[in-house]
Amino acid sequence: MTNGNPETQDVRTISNFLRDQIAEDVRTKKYGDAEVQTRFPPEPNGYLHIGHAKAICLDFGLADEFGGKTNLRFDDTNPEKEEQEYVDSIQADVRWLGFEWDRLCYASDYFGQLYEWALQLIKAGKAYVDDLTADEIRQHRGTLTEPGKDSPYRNRSVEENLDLFVRMKNGEFPDGSRVLRARIDMASPNLNMRDPVMYRILHATHHRTGDAWCIYPMYDYAHGQSDSIERVTHSMCTLEFTDHQPLYRWYIEQLGIFPSQQIEFDRLNLTYTLLSKRKLLQLVQEKHVSGWDDPRMPTLSGIRRRGFTPEAIRTFCAAIGASRTNGTTDIEMLEHFQRDDLNRRARRAMAVLRPLKLVIDNYPAGQEELFEVANNPEDPAAGMRQVPFTGEVYIEQDDFREVPPPKYYRLSPGKEVRLRGAYFVTAQSVVKDADGNIVEVHCTYDPASRGGSSPDGRKVKSTIHWVSTAHAISAEVRIYDKLFTKADPGDVEEGESFLSNLNPDSLEILNDAKLEPSLASAKVEERFQFERVGYFCLDRDSTAGKLVFNRTLPLKDSWAKIEKKAGG
RNA sequence: UGGGCGAUCGUCUAAUGGUAGGACAGUGCCCUUUGGAGGCACUUGUCUAGGUUCGAAUCCUAGUCGCCCAGCCA
């Protein structure tokens, strides 16, 4: 599944309390000889994001480690928020991440069974129909510090409850008029146990069951039993469900069904990143981004389009582990694992993002050469390619300074550098426009340095990339940066929203980047390292006449660091 | 202020009563036909106070701080 590099393997075997728990249960045969069974249970009401990737890696990864299986189960108990579009995208994203489920399930598959069990609880005096309004139920629930009060309908007879519940199911009552509640303990210090609602009336069309039902089970009433039906042994979920565990167990115990167990772990938080479905939806709806798959979004479809790889995401998830502490992982951690993966696998190419013409005055007019360069110095198996060279090339504007600052190793008047894989060149003069901007640099080359090294053993401080002007293909390059300016996007002044932390420079479009000709055959989603610049992938907006590349991540830039230090 | 959960380098995470380790970030050096990558080195940590123990990050007590819970959402 993952490649065999040492780092990946190290990271995969980091212990965590979930693995320990499963190992213990297997050792003690808590579930007899049953194999480990897990599930990933998203509600199809939005797109999956990097936080879900952590859960997916845990659910699928741990089951796999123990030779068990994982179901993909849609927790589709609220027809008002759920759509087929999300069901489809979630499946695509899970597969993209590299996981295949054992069974594809839906909580809605169990509506019939859940209903039968509700009848059973009513007959046992463990559930009742309540006619209180939502407001009244809230008032009766009490507060964090005060116990709740019994509903006046709490002691209806079994017969009356049965009659009313059947009629609820038959559609005799309007939305909100009644609910079915579990009869537990209105004085419990755990609010979830104060007679939680099991069913509400919702005359809504469900994306799968259509209009077959007008009562829908609540999460708490559906989740544990769904786990139980699927014989899930380890039901892993995030920490905020810890308070629900007693209720999860209560339903299973009352019903006497397969004892699935819930184990909670901490949710992923990332610096400079928002992982709230509600806020992500707002970004999409208010068009602060182009859609769920905008390359700046933390959705799996977004970071996929950005150029991130499933391998790197999985390695990242393994590296951050799982615990029960509430922390925030530095986004640089994710970026590190992504660079690490791409460095090993991405084909290299030369691309000049902000072109400056370099004219080699002593290069024979009209001459053209092909230089052979490695597709990936990290991976000899990637082979070589030929790059055309002429007496006029584009170099990066940043790679020339008329007045070089201290420690600047690149091209400047009188300085010699290497054009990668080609020749040593020495800058001689500049041509400026009427405004004094440098529009052209003239240089001379050393014909003896063909291939990039001089027979006299002379060294140059710097190697820069280039693209022959005669062969360059123009492209659009989209430079993405963090979507938010603050490590905690939710950290705002009184009265402001997270939107005020939006980074106004999160997208910069470069319209006239110059690429080496081999890039013409790039495929959508194909990833490259543009040497000395960063990692890029071809966007699906590309057309035959116009390539569009997304910058996944810049390369680490130690010159930028030096410059920043000197400047600040 | 009721209940629950938690607290280890700046960050994430190991150590399961017996040497506080790794990764990210940072710093310095080496190397380099990518100021990339790589190599080496360095810096920094057990929330506090008591207790148990030959020995405590780990167990106990109290405190402090943080997160979660009062949807007919999940």
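Residues numbered from 1 in each chain as written. Chains lettered and ligands numbered in written order. Predicted model: local features only at pLDDT ≥ 70, side-chain atom pairs only at ≥ 80, totals over all residues. Heavy atoms only, no water.

Enquirer: Break down the overall build of chain A for me, citing the residues and quoting the values.
Expert: Each helix and strand in chain A was counted, giving 14 helices and 25 strands. Here the C-alpha atoms of chain A give a radius of gyration of 31 Å, more than 25% beyond the 24 Å that 2.2 N^0.38 yields for 568 residues. Expressed along its principal axes, the backbone C-alpha trace of chain A runs to roughly 100 × 55 × 45 Å. Out of the 568 residues in chain A, the part that is buried amounts to 52%. (Helix = DSSP H or I, 4+ residues; strand = E, 2+ residues; numbered from the N terminus. Rg over C-alpha atoms; globule rule 2.2 N^0.38 Å. Buried < 20%, exposed > 50% of the residue type's maximum accessible area, 1.4 Å probe, protein only.)

Enquirer: A description of the environment of Asp 33 should follow, citing residues and the corresponding values.
Expert: Mapped onto the elements of the fold, Asp 33 is located in the loop between helix H2 (17–27) and strand S1 (37–40). Judged by relative accessible area, Asp 33 falls into the exposed class, the value being 71%. A polar side-chain atom of Asp 33 sits 2.8 Å from a polar atom in the side chain of Lys 29. (Polar contact = N/O pair within 3.5 Å; in protein donor to acceptor, adjacent residues only side chain to side chain.)

Enquirer: Lay out helix H8 (residues 219–229) in plain terms, naming residues and giving numbers.
Expert: Every α-helix carries 3.6 residues per turn, so stepping three or four residues along brings you back to the same face. The buried fraction of H8 is high, at nine of 11 residues. Count one or two residues on from H8 and you reach Arg 231, which has phi positive near 55 degrees.

Enquirer: Please set out the sheet that holds strand S11 (residues 351–352) residue by residue, giving values where relevant.
Expert: Across the sheet, seven strands lie side by side as S10-S23-S24-S25-S21-S22-S11; this open sheet has mixed pairing. Strand pairing shows two members of the sheet lacking a second neighbour, strand S10 (347–349) and S11, which therefore form its edges. Two strands pair when backbone bridges link them, and strand S23 (residues 527–530) and strand S24 (residues 534–538) are joined in this way by four bridges, in the antiparallel orientation. Of the residues in S24, the one forming a bridge with Gln 529 is Tyr 535. This element, helix H13 (residues 331–345), spans S10, S23, S24 and strand S25 (547–554) of the sheet and lies at about 120 degrees to S25. (Pairing = 2+ DSSP bridges. Contact = heavy atoms within 4.5 Å. Axes fitted to C-alpha atoms, helices over the stretch in contact; angles between N-to-C directions.)

Enquirer: Quick rundown of the sheet that holds strand S19 (residues 463–464)? Include the residues and the values.
Expert: As summarised here, the arrangement of the seven strands in space is S19-S16-S17-S18-S12-S15-S20, forming an open sheet in which the pairing is mixed. What marks the edges here is a single partner per strand, and that holds for S19 and strand S20 (467–468). By the bridge criterion, seven bridges tie strand S17 (residues 424–432) to strand S18 (residues 438–445) in an arrangement that is antiparallel. Bridged to Val 431 within S18 is Glu 440.

Enquirer: I'd love a proper account of the protein's contact with RNA strand B, names of residues and values included.
Expert: Near RNA strand B, the surroundings consist of 73 residues, among which Asp 20, Arg 348, Arg 418, Gly 451 and Gln 529 are the closest. Backbone atoms, meaning sugar and phosphate, form 64% of the atoms of RNA strand B found within 4 Å of the protein. Between RNA strand B and Asn 326 there is a distance of 3.2 Å, counted from a sugar or linking oxygen to a side-chain nitrogen or oxygen. Residue assignment for the surface near RNA strand B shows that the elements contributing at least two residues are helix H6 (134–141), strand S6 (197–201), H13 and helix H14 (558–567). A breakdown of the residues in the surface near RNA strand B according to their chemical character gives 23 nonpolar, 26 polar and 24 charged. (Near = heavy atom within 4 Å. Nonpolar A, V, L, I, M, F, W, Y, C, P; charged D, E, K, R; others polar.)

Enquirer: Tell me about the domain arrangement of chain A, and please be specific about residues and values.
Expert: What the domain assignment reports for chain A is domain 1 (6–107 + 221–336), domain 2 (112–217), domain 3 (351–472) and domain 4 (475–526 + 533–568). Here domain 2 and domain 3 have C-alpha centroids that lie 75 Å from each other. (Domains from an automatic or database assignment.)

Enquirer: Can you explain the packing of aromatic side chains? Please cite residues and give values.
Expert: A complete count under the given rule lists 27 aromatic pairs for this structure. Where Tyr 219 meets Phe 241, the ring centres are 5.0 Å apart and the plane angle is 35 degrees; that geometry is what we call tilted. Of this pair, Tyr 219 sits in helix H8 while Phe 241 sits in the loop between strand S8 (234–238) and helix H9 (245–255), and the two are 22 residues apart along the sequence. Both rings, one in Phe 371 and one in Tyr 423, keep their centres 5.5 Å apart while their planes meet at 85 degrees; by these two values the pair is edge-to-face. Placement of Phe 371 in strand S13 (residues 369–374) and of Tyr 423 in the loop between strand S16 (416–419) and S17 is noted, with a sequence separation of 52 residues between them. Connected via pairs of aromatic rings, a cluster forms that spans Phe 111, Tyr 115, Phe 165, Tyr 199, Trp 213, Tyr 216, Tyr 221, Trp 250 and Tyr 251. Over the aromatic face of Phe 173 sits the side chain of Arg 178, whose NZ or CZ is 4.0 Å from the ring centroid. (Phe/Tyr/Trp six-rings, centres within 6.5 Å; stacked < 30°, edge-to-face > 60°. Lys NZ or Arg CZ within 6 Å of the ring centre and 35° of its normal.)

Enquirer: Kindly report on the nonpolar core, identifying the contributing residues and their values.
Expert: Ranked by internal contacts, the top residues of the largest apolar core, which has 41 residues, are Leu 18, Phe 40, Ile 50, Ile 56, Val 94, Ile 313 and Phe 316. At the level of secondary structure, the elements contributing two or more residues to this core comprise H2, helix H3 (50–65), strand S2 (69–74), helix H4 (84–97), strand S9 (261–265), helix H11 (300–306), helix H12 (310–320) and H13. It is H3 that provides the largest number of residues to this core, a total of nine residues. Among residues more than four places away in sequence, those in contact with Ile 56 are Phe 40, Leu 48, Gly 61, Val 94, Leu 97 and Phe 99. Cys 105, Trp 117, Met 193 and Trp 250 belong to the second largest nonpolar core, which has 35 residues in total. (Core = buried A, V, L, I, M, F, W, Y, C linked by side-chain atoms within 4.5 Å.)

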